[in-house]
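This is what each chain is made of:
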Amino acid sequence: QVQLVESGGGLVQAGGSLRLSCAFSGSTFSWYGMGWFRQAPGKEREFVAAVGGSGMVTYYADSVKGRFTISRDNAKNTVYLQMNSLKPEDTAVYYCAAHFRGTPVTLPGRLASQYDHWGQGTQVTVSS
């Protein structure tokens, strides 16, 4: 079965950077669109970024556009989220998620309900 394991979270000052990684196992990685979501205390889980199975197409929430970059390495079965210019409002638990598409071409969704598998989450805390 599909398993997702995130790493790379931590505490960083505002303006700093972090890179999150998510290791995928248990199926054919390129058949899945991959997304990152986040959830702050008392708030709903929200979409951050997604990448298609081929890695050619990416899209972002407006709140992170220009600061975050999602990418994937299909040879390593890993998806990344590079986070730059971090703000205190980026503080949240970040989750990696996999949306089965069956081909590398069909793109993943932006809704959490569309995703089939989730990691355990990694905490990102940005201090002011």
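Please refer to the structure placed before this passage.
Residues numbered from 1 in each chain as written. Predicted model: local features only at pLDDT ≥ 70, side-chain atom pairs only at ≥ 80, totals over all residues. Heavy atoms only, no water.

A. Main features of the sheet that holds strand 1 (residues 3–7). One open sheet holds the 4 strands; their spatial order is 1-3-8-7, and the pairing between them is antiparallel. Each end of this open sheet is capped by a strand with a single partner; those strands are strand 1 and strand 7 (68–73). Averaged over all adjacent pairs, the angle separating strand axes in this sheet is 15 degrees, with direction ignored. Alignment of strand 3 (residues 18–25) against strand 8 (residues 78–83), held across 6 bridges, turns out to be antiparallel. Bridge pairing in strand 8 places Ala-23 opposite Thr-78. (Pairing = 2+ DSSP bridges. Helix = DSSP H or I, 4+ residues; strand = E, 2+ residues; numbered from the N terminus. Axes fitted to C-alpha atoms, helices over the stretch in contact; angles between N-to-C directions.)

B. Here's a closer look at the state of the cysteines. Under the criterion given, the structure shown has 1 disulfide. Covalently, Cys-22 is tied to Cys-96 through a disulfide, its sulfur atoms 2.1 Å apart. Disulfide Cys-22 to Cys-96: torsion about the S-S bond roughly -75 degrees, handedness left-handed. Residue Cys-22 is located in strand 3, and its partner Cys-96 is located in strand 9 (residues 92–100); the two are separated by 74 residues in the primary sequence. Of the two residues, Cys-22 and Cys-96, neither departs from the other in class, the shared state being buried. (Disulfide = S-S within 2.5 Å. Buried < 20%, exposed > 50% of the residue type's maximum accessible area, 1.4 Å probe, protein only.)

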